[in-house]
Amino acid sequence: MKPSSLDHPTADESPDVPCFRTWRGIYIFVFGCFALVVLLLAIFSRIFA
C-alpha cells in the first residue's frame, strides 16, 4: 500500500486555504494567534484579578 500525498505534504505543494499561499504563512498565522491569546490571558488576569 502506497502512502498518499495527503499524509506528508511537501514544501512544493500550496495549501488549499484562502488568503494563504504557503504553509509557512499558515504556521506563522497560527503561532501569532496563539501568542495573542496568551498575551490577552496575561493582561486580563492582571486586570480582573
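Note that the coordinates shown come from a computational prediction; the quantities given were computed from them, not determined experimentally.

Participant: Describe the overall build of the protein chain, listing the residues and the values that go with them.
Facilitator: Across its full length, the protein chain holds one helix and zero strands. Each of the 49 residues in the protein chain was classed as buried or not, and the buried ones make up 4%. When the accessible surface of the protein chain is summed, it comes to about 5000 Å², and 70% of that surface belongs to carbon and sulfur atoms.

Participant: Mind laying out unusual backbone geometry, listing which residues take part and the relevant values?
Facilitator: If you check the backbone angles, Cys19 has positive phi at about 75° while not being a glycine. Overall, Cys19 belongs to the exposed group, its relative accessible area being 82%.

Participant: Go over the packing of aromatic side chains with me, naming the residues and quoting the values.
Facilitator: According to the stated counting rule, one finds three aromatic pairs in the structure shown. A centroid spacing of 6.1 Å and a plane angle of 45° characterise the contact between Phe44 and Phe48, whose relative ring orientation is tilted. You can call Phe44 partly exposed: its relative accessible area is 42%. Overall, Phe48 belongs to the exposed group, its relative accessible area being 68%.

Participant: Can you explain a nonpolar patch on the surface? Please cite residues and give values.
Facilitator: The grouping of Leu36, Leu39, Leu40, Ile43, Phe44, Ile47 and Phe48 at the surface amounts to a nonpolar patch, some 710 Å² of accessible area in total. Along the chain, Phe44 turns up in helix H1 (residues 23–47).

Participant: So what's going on with the environment of Ser14? Which residues, and what values?
Facilitator: Counting through the fold element by element, Ser14 comes out in the segment before H1. Leaving out residues up to four positions away in the same chain, Ser14 has contacts with Arg21 and Trp23.

Definitions and limits used
- Residues numbered from 1 in each chain as written.
- Predicted model: local features only at pLDDT ≥ 70, side-chain atom pairs only at ≥ 80, totals over all residues.
- Heavy atoms only, no water.
- Helix = DSSP H or I, 4+ residues; strand = E, 2+ residues; numbered from the N terminus.
- Buried < 20%, exposed > 50% of the residue type's maximum accessible area, 1.4 Å probe, protein only.
- Areas by Shrake-Rupley, 256 points an atom, 1.4 Å probe, with all protein chains shown as cover.
- Phe/Tyr/Trp six-rings, centres within 6.5 Å; stacked < 30°, edge-to-face > 60°.
- Patch = residues over 30% accessible without salt bridge, like charges linked within 9 Å, V, L, I, M, F, W, Y side chains within 5 Å.
- Salt bridge = Lys/Arg side-chain N within 4 Å of Asp/Glu carboxyl O.
- Contact = heavy atoms within 4.5 Å.

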